[in-house]
Amino acid sequence: MTTPYTFDHSAYAADLQATYGHLTDGEESGVVVNVAGRVMLLRTQGKLAFGSLRDSSGEIQLFALSAVTAGFDEFVKLHLGDWVGVTGEVVRTKRGELSVKVTSWVQLAHAQHNFGDKWAGIADHDLRYRHREADLWANPETRVALTRRSAVVRAVRQRCWDQGFMEVETPILNAIPTGAAARPFKTHHNALDSEFFLRIAPELWLKRLVVGGYERVFELGRVFRNEGVSPRHNPEFTSLELYCAYWNYADMMTFTEELVAGVAMDVLGTTEVEYQGRPFSFATPWPRRTMADIVSQACGEELSVHTPRERLAELLAQHGVTAHASWGAGRCLEELMAETAGDQLWQPIFVTDFPVEISPLARRHQEDPELTERFESYAVGRELSNGFTELNDPVDQRARFEDQARLAAAGDDEAMQIDEDFIKSLEWGLPPTAGLGIGIDRLVMLIADVANIREVIAFPTLKPLRD
RNA sequence: GCGCCGAUAGCUCAAUUGGCAGAGCAUUUGACUCUUAAUCAACAGGUUCCGGGUUCAAGUCCCGGUCGGCGCACCA
């Protein structure tokens, strides 16, 4: 059967609901519209039929009568899920349902598979993720979450633009995976006969653009990390990275909280929400506390990066964590925070002043060379953003890379490699600069109030089916 | 990668102690001129995820595998 190549669409369901809300029971508007969508329910009653037409905006009832509707006998044989285009007058039925009284209609596409139980939808996660196109019709909350994701991305972009940041794109195929601590995906270019890695972060490229004179840049894009999959981790995810010349990390914290709270306002119209049943507020300003302060309070004793490593390792052991031989006091302090306080930081907070040992790209703190001017924001017990005053001293950067290389040699497969090109770029001169990274998927989870990252990714990474 | 749990009709789910594999919706057929998850009647629908094993008998018990969920690890 040949179906039409076009349809002269003139109205969306939600617009009709809004425009013709005033019609009283049994009233006819005299206005003829062309609507299209899927028939999600069909109730036939002899020579009458009522259908629920759903489009991207919402639903409107189709009201067909054998005396009025051309091809009525075929209309009532439509399958649930079929796409139809309908022409008819906007009316309200005697029983009060706003409807399009079908005069003519055309099947635009047939649905060979159903869209799940009309009440329960599709519950099977495997089916929902592998065939999101069906899930979107079967489970309205899926459409809400993914639509919200789009709104978040739009708001993030707009706010960055509004602050004078230029959107740029940097390589995804990299000879050296760097800019974060993670295992990369490896691939191969045939013509160049070279090994490439999918980027784990765009950080170093973006800083080179600041060296090049773009003072405010950002990139909103996919990064890839060859790590475990969990309700909070997808192997490919979207990050916002943003760099601003002449700012330090305190400036960037202010920017971060205003960006996130602003995006919540843009998308939800409020900063006060619930996440998984618990109240949560995006309202600014967010508290700022040093890592040492937080760990000290959690452990009930004064601790810092200057505390003897043995003491920190002892405390870690009390929490069932064995400090690896390669861990210095800085790494131990971070692990201790993760064990004692990290997952309890529900309301947004900036954790500041990270040890230099675990921050190879951040500039040393002006008041303590063992620390860096680095922050991470936490919300609902999870890391939301990461930022710092950028290290712009090529000599120190080389030393930091060399420390990383030693870790790699000791078996740390997430340690960074020495990137000579990047060091050379710093030799050309990076002005004082602050940088920021935000996990967009995690931000969307917060704003969409979902617990699983796959619910905010249209097609999450799944294991391919065999056979 | 490790542990726990799950997979039964197109969809959502039952099936007691190991004893004939079921319901609702969808599909098909019929009735019905204001339905709202319409209703009513009837027909049909199965490799119980896959492969082995135990047993007179396996959806159910055992072993192996596949995919998924959750937790741990890793990370954002």
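Residues numbered from 1 in each chain as written. Chains lettered and ligands numbered in written order. Predicted model: local features only at pLDDT ≥ 70, side-chain atom pairs only at ≥ 80, totals over all residues. Heavy atoms only, no water.

Engineer: An account of the protein's contact with RNA strand B is needed here, citing residue identities and associated values.
Structural biologist: Near RNA strand B, the surroundings consist of 50 residues, among which Arg95, Asp117, His233, Asn234 and Arg442 are the closest. Protein-proximal atoms of RNA strand B, defined as those within 4 Å of the protein, fall in sugar or phosphate at a share of 59%. Taking glycine 46, its main chain carries an N or O atom lying 3.1 Å from a base nitrogen of RNA strand B. Between RNA strand B and glycine 121, the relevant distance is 2.9 Å, taken from a sugar or linking oxygen to a main-chain nitrogen or oxygen of the residue. Taken together, the elements giving at least two residues each to the surface near RNA strand B come down to strand 1 (28-45), strand 2 (48-54), strand 3 (59-65) and helix 3 (125-130). In terms of residue class, the surface near RNA strand B is built from 17 nonpolar, 15 polar and 18 charged. (Near = heavy atom within 4 Å. Polar contact = N/O pair within 3.5 Å; in protein donor to acceptor, adjacent residues only side chain to side chain. Helix = DSSP H or I, 4+ residues; strand = E, 2+ residues; numbered from the N terminus. Nonpolar A, V, L, I, M, F, W, Y, C, P; charged D, E, K, R; others polar.)

Engineer: Which residues make up the nonpolar core, and what values go with them?
Structural biologist: If you look at the biggest cluster of nonpolar residues, it comprises 47 residues, and the most contacted ones within it are Val156, Leu240, Met252, Phe280 and Phe282. Taken together, the elements giving at least two residues each to this core come down to helix 5 (140-162), strand 10 (216-224), strand 11 (236-245), helix 7 (249-268), strand 12 (272-275), strand 18 (374-379), strand 20 (433-439) and helix 13 (440-448). Residue contributions to this core peak at nine residues, all from helix 7. When sequence neighbours within four positions are dropped, the list of residues in contact with phenylalanine 282 reads Val260, Ala261, Ala264, Thr271, Val273, Pro348, Leu446 and Ile447. (Core = buried A, V, L, I, M, F, W, Y, C linked by side-chain atoms within 4.5 Å. Buried < 20%, exposed > 50% of the residue type's maximum accessible area, 1.4 Å probe, protein only. Contact = heavy atoms within 4.5 Å.)

Engineer: Give a detailed account of the sheet that holds strand 1, specifying residues and quantitative values.
Structural biologist: Taken in spatial order, the five strands of this closed barrel run 1-2-3-5-4, and their pairing is mixed. Each strand of the sheet is rotated relative to its neighbour by a mean of 55°, with strand direction disregarded. Judged from the ten bridges that link them, strand 4 (residues 83-92) and strand 5 (residues 98-109) form a sheet pairing that is antiparallel. If you follow valine 90 over to strand 5, its bridge partner there is valine 100. (Pairing = 2+ DSSP bridges. Axes fitted to C-alpha atoms, helices over the stretch in contact; angles between N-to-C directions.)

Engineer: How would you summarise the sheet that holds strand 18 if you had to cite specific residues and measurements?
Structural biologist: Within the open sheet, the eight strands sit side by side as 6-10-11-20-19-18-15-14. Their pairing is mixed. The open sheet has two edge strands, strand 6 (166-167) and strand 14 (288-290), and neither has a second partner. When strand 18 meets strand 19 (residues 382-389), the two strands line up antiparallel, connected through six bridges. Across the sheet, residue tyrosine 378 finds its bridge partner in strand 19, namely glutamate 383. Packed onto the sheet, helix 13 meets strand 10, strand 11, strand 18, strand 19 and strand 20 and runs at close to 135° relative to strand 19.

Engineer: Now, about the packing of aromatic side chains: what can you tell me, with residues and values included?
Structural biologist: In the structure shown here, the tally under the stated rule is twelve aromatic pairs. For the pair phenylalanine 165 and phenylalanine 255, a centre-to-centre distance of 5.4 Å together with 55° between the ring planes defines the contact as tilted. Here phenylalanine 165 is found in the loop between helix 5 and strand 6, whereas its partner phenylalanine 255 is found in helix 7, with 90 residues between them in sequence. For the residue pair phenylalanine 165 and phenylalanine 255, the accessibility class agrees, reading buried in each case. (Phe/Tyr/Trp six-rings, centres within 6.5 Å; stacked < 30°, edge-to-face > 60°.)

Engineer: Lay out the pattern of salt bridges in plain terms, naming residues and giving numbers.
Structural biologist: Throughout the structure, instances matching the rule amount to 26 salt bridges. A salt bridge links glutamate 195 to lysine 186; the nearest nitrogen and oxygen atoms lie 3.4 Å apart. On the basis of relative accessibility, which here comes to 41%, the residue glutamate 195 falls in the partly exposed class. Lysine 186 sits in the exposed class, given a relative accessible area of 59%. Residue aspartate 396 is joined to arginine 400 by a salt bridge in which the shortest nitrogen-to-oxygen separation is 3.3 Å. Remark: arginine 400 and aspartate 396 occur in helix 11 (residues 394-409); sequence separation between them is four residues, near one turn of the helix. (Salt bridge = Lys/Arg side-chain N within 4 Å of Asp/Glu carboxyl O.)

Engineer: Mind laying out unusual backbone geometry, listing which residues take part and the relevant values?
Structural biologist: Residues threonine 284 and proline 285 are joined by a peptide bond in cis, for which omega reads -5°. For proline 285, the location among the structural elements is in the loop between strand 13 (278-281) and strand 14. Phi is positive for aspartate 193, close to 45°, though the residue is something other than glycine. On the secondary structure map, aspartate 193 appears in the loop between strand 8 (186-189) and strand 9 (194-198). Located in the positive-phi region is valine 380, a residue other than glycine, with phi close to 40°.

Engineer: How would you explain the pairing of strand 15 (residues 349-352) if you had to name every residue and give the values?
Structural biologist: Going residue by residue along strand 15, you find Ile349 and Val351 tucked away on one face and Phe350 and Thr352 tucked away on the opposite face as well. Sheet topology places strand 14 next to strand 15; three bridges connect them, and they run parallel. Bridge pairing links arginine 289 to valine 351 in strand 15. Across four bridges, strand 15 lies against strand 18 in antiparallel orientation.

Engineer: Describe helix 11, with residues and values.
Structural biologist: Helix length check: helix 11 (16 residues) gives 22 Å between terminal C-alpha atoms against 22 Å at 1.5 Å per residue, within 8%. By the burial criterion, the buried members of helix 11 are Pro394, Asp396, Gln397, Arg400, Phe401 and Gln404. Buried residues of helix 11, viewed axially, fall in a sector of 160°; they line one side. Opposite the packed face of helix 11, turned more than 90 degrees from it, sit the exposed residues Val395, Arg406 and Ala409. In this structure, the buried residues of helix 11 make contact with helix 6 (203-211), strand 16 (364-365), strand 17 (368-372) and helix 12 (420-427). (Expected span 1.5 Å × (residues − 1). Arc of directions from axis to C-beta.)

Engineer: Break down the environment of histidine 319 for me, citing the residues and quoting the values.
Structural biologist: Counting through the fold element by element, histidine 319 comes out in the loop between helix 9 (309-318) and helix 10 (329-340). A relative accessible area of 37% means that histidine 319 is categorised as partly exposed. For the pair formed by histidine 319 and serine 52, sequence separation is 267 residues and the distance between their alpha carbons is 57 Å. The residues contacting histidine 319, other than those within four sequence positions of it, are Leu336, Glu339 and Thr340. Within the structure, histidine 319 has its side chain in polar contact with the backbone oxygen of leucine 315 (distance 3.1 Å).

Engineer: Can you break down the packing of helix 5 against helix 13 residue by residue, with the values?
Structural biologist: Closest axis-to-axis distance for the helix 5/helix 13 pair is 9 Å, and the angle between their directions is 120°. One finds that helix 5 runs oblique with respect to helix 13. The two elements helix 5 and helix 13 meet at a crossing, and its hand is right-handed. Where helix 5 approaches helix 13, its residues Ala145, Arg148, Arg149, Val152, Val153 and Val156 are matched on the opposing element by Ile440, Asp441, Leu443, Val444, Ile447 and Ala448. Classifying every residue of the contact of helix 5 with helix 13 gives nine nonpolar, no polar and three charged. (Parallel < 35°, antiparallel > 145°, perpendicular 65-115°, else oblique. Left-handed = near helix turned anticlockwise from the far one by under 90°.)

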